[in-house]
Amino acid sequence: MAGTYDIEEQRVIDRISCIAFREARDASATFIDRNWIADKVHRSIRFITDWWQKSYDQCFADYSNASRKLKLLQASQDIIREASGRQGKSCSVVAKKIAEKQKEYVTRRTINNYRHGEGLKPFHVIPKPVKSETHISDRLWLCDWLKDWTEEDILHLAPSDEFYVWVVRRPNYQNDRVWAKSVDDIEEDERYRKIVKNQPCIGIFVIFTARRLHWVIKDKGESWTGQYFRDIILTEQVLPFLKNEENVIDPDEVIFIHDKAPCMRAYPTQHLLQDNDIKFWGNDIWPGNPPDLNVAEHIGTIIKDEVEKKMLSETRDSRYLEETLKMHLSDVLTNMETDSDLFETLLCSYPSRLRAVKNANGRHTDY
């Protein structure tokens with residue numbers, strides 16, 4: 001793509017071009033996309049993606065003594081290692097530090113790949129889930145909408161969630177973040193810093209009612225795309241589960257609750273549920289970013305805790321095997337399937353959860 005003319009001056013010009021073309025697209029030139037820009041400036045799609053959302057000031061960083069290298073300098077590797085396990089040291093921040101100190105041009109993707117290969121991650125803590133004014137008003141609206149619900153109504157709910165379970169539990173992975181009130185609560189705990197290199201994980205979907213838990217282990221190599229979720233999770237698993245009288249109090253009254261992940265809030269997914277006469281809280285009812293209102297999050301925590309105990313009891317040779325993880329995960333889930341006391345307790349916690357949201361004016365709660 002770049003060819004022999006790929007000197008620092010040309011890179012600066014191409015960065016500026018990326019931003020200018022993107023601004024033209026935002027104004028009215030809707031025919032412009034990343035492929036079109038890549039063809040115009042003779043750059044890769046990755047180059048366009050890295051630069052077209054940045055500011056013009058960032059285009060003039062001094063990378064004149066560096067070019068992209070197949071291997072990171074040892075000093076750059078040391079900077080990445082030093083930054084890993086520390087709050088606020090994202091790949092972008094580390095790339096900027098390397099550019100300033102080592103004059104080496106390193107992309108976010110390069111740093112992320114290096115961290116992944118070496119079993120490193122930034123110390124990713126979300127002190128509390130971010131809630132916008134829209135989220136706040138939506139949460140308060142839900143509290144008012146449910147204020148007259150009785151325990152009988154609540155027991156018809158069927159919450160669900162999807163998540164990953166790792167061989168060694170490390171909540172700073174993207175799908176298992178640390179939800180702490182403050183960084184100080186956990187920053188001294190080493191288990192949130194060190195990660196087993198290239199450890200495997202297993203994706204899982206869970207849904208439960210007042211009577212039963214149903215679970216599905218994601219097929220290896222698949223992602224939580226909308227199509228996979230509709231064809232495999234919903235059509236083959238969730239719909240039959242909710243229509244079976246043994247699993248729910250009343251198939252005509254059960255209400256499916258999702259976590260508003262992209263695969264769930266997609267309109268084809270919502271239409272699939274409607275076409276199959278499944279009651280659910282759609283995008284107009286269920287607020288965004290509701291981990292404290294989705295009691296299925298608590299089920300996920302219990303599952304991870306129990307699996308972690310079993311994995312730590314294994315000998316060193318089998319402790320890090322995916323087969324061992326899958327065996328223990330299946331055992332934990334099977335043992336939980338009929339724990340109706342737990343399910344009813346979690347469902348009946350909704351009134352107190354809603355009161356907590358109301359008392360917090362729609363903001364963070366302790367759930």
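In the block above lies the structure referred to throughout.
Residues numbered from 1 in each chain as written. Predicted model: local features only at pLDDT ≥ 70, side-chain atom pairs only at ≥ 80, totals over all residues. Heavy atoms only, no water.

## Considerations on the overall build of the protein
And then number 1: Check the secondary structure of the protein and you find 16 helices and seven strands.
And then number 2: For the protein, the residues scored as buried account for 46% of the 367 residues in total.
And then number 3: Within the protein, contacts between residues separated by at least 24 positions form 73% of all contacts whose residues are at least 6 apart in sequence.
And then number 4: For the protein, the accessible area works out to roughly 19300 Å², and carbon and sulfur atoms hold 47% of it. (Helix = DSSP H or I, 4+ residues; strand = E, 2+ residues; numbered from the N terminus. Buried < 20%, exposed > 50% of the residue type's maximum accessible area, 1.4 Å probe, protein only. Contact = heavy atoms within 4.5 Å. Areas by Shrake-Rupley, 256 points an atom, 1.4 Å probe, with all protein chains shown as cover.)

## As for the pattern of salt bridges
And then number 1: Per the counting criterion, the structure on display carries 10 salt bridges.
And then number 2: Taking the shortest distance from any N to any O, the salt bridge between Glu133 and Arg363 comes out at 3.4 Å. With Glu133 in helix H7 (residues 133-145) and Arg363 in the segment after helix H16 (350-359), this residue pair connects regions lying 230 residues apart in the sequence.
And then number 3: Residue Arg363 is classed as partly exposed on the basis of its relative accessible area of 41%.
And then number 4: Connected via shared salt-bridge partners are Arg22, Arg25 and Asp26. (Salt bridge = Lys/Arg side-chain N within 4 Å of Asp/Glu carboxyl O.)

## Some words on unusual backbone geometry
Phi is mostly negative for residues that are not glycine, and the peptide bonds are mostly trans.
And then number 1: Its identity as a non-glycine residue notwithstanding, His42 has a phi of 60°, on the positive side.
And then number 2: Along the chain, His42 turns up in the loop between helix H2 (34-41) and helix H3 (45-51).
And then number 3: For His42, a relative accessible area of 48% translates into the label partly exposed.

## Overview of the packing of H7 against H16
And then number 1: Put simply, H7 and H16 touch, their axes get as near as 9 Å, and they point 135° apart. Classified by the angle between their axes, H7 and H16 sit oblique to one another. Once H7 is placed against H16, the crossing between them reads as left-handed. Together, Arg139, Leu140, Cys143 and Asp144 of H7 and Leu354, Val357 and Lys358 of H16 make up the contact between the two elements.
And then number 2: Of the residues assigned to the contact of H7 with H16, the class counts are four nonpolar, no polar and three charged. (Axes fitted to C-alpha atoms, helices over the stretch in contact; angles between N-to-C directions. Parallel < 35°, antiparallel > 145°, perpendicular 65-115°, else oblique. Left-handed = near helix turned anticlockwise from the far one by under 90°. Nonpolar A, V, L, I, M, F, W, Y, C, P; charged D, E, K, R; others polar.)

## Section: the nonpolar core
And then number 1: With 42 residues, the main nonpolar core has Val206, Phe208, Leu213, Ile299, Ile303, Leu329 and Leu347 as its most contacted residues.
And then number 2: Once residues lying within four places of it in the same chain are set aside, the contact partners of Ile299 are Val206, Phe208, Leu213, Met336, Leu342, Phe343 and Leu346.
And then number 3: Grouped together as the second largest cluster of nonpolar side chains are 25 residues, Ala158, Trp224, Ala261 and Leu273 included. (Core = buried A, V, L, I, M, F, W, Y, C linked by side-chain atoms within 4.5 Å.)

## What to know about the sheet that holds strand E2 (residues 157-166)
And then number 1: If you trace the five strands from one edge of the open sheet to the other, you get E5-E4-E2-E6-E7, paired in mixed fashion. Strands at the two margins of the open sheet, each flanked by one partner only, are strand E5 (213-217) and strand E7 (279-280).
And then number 2: Relative to strand E6 (residues 255-257), E2 runs parallel, the two being bridged by three bridges. Along E6, the bridge assignment pairs Pro159 with Ile257. (Pairing = 2+ DSSP bridges.)

## Quick word on the packing of helix H4 (residues 74-83) against helix H5 (residues 91-102)
And then number 1: The contact between H4 and H5 brings their axes to 10 Å, and the two run at 140°. Looking at the two axes, H4 sits oblique to H5. Viewed along their axes, H4 and H5 form a crossing whose handedness is right-handed. Residues Ala75, Ser76, Ile79, Ile80 and Ala83 of H4 form the contact with H5, whose own contacting residues are Val94, Lys97, Ile98, Lys101 and Gln102.
And then number 2: Its residues placed into classes, the contact of H4 with H5 shows six nonpolar, two polar and two charged.

## Describing helix H12 (residues 296-312)
And then number 1: Taking 1.5 Å per residue, 17 residues should reach 24 Å; H12 reaches 25 Å between its end C-alpha atoms and fits that length.
And then number 2: Contact partners of the buried residues in H12: E2, strand E4 (201-208), E5, helix H13 (316-319), helix H14 (322-336) and helix H15 (340-347). (Expected span 1.5 Å × (residues − 1).)

Note that all results are geometric; they support no functional claim without further evidence.
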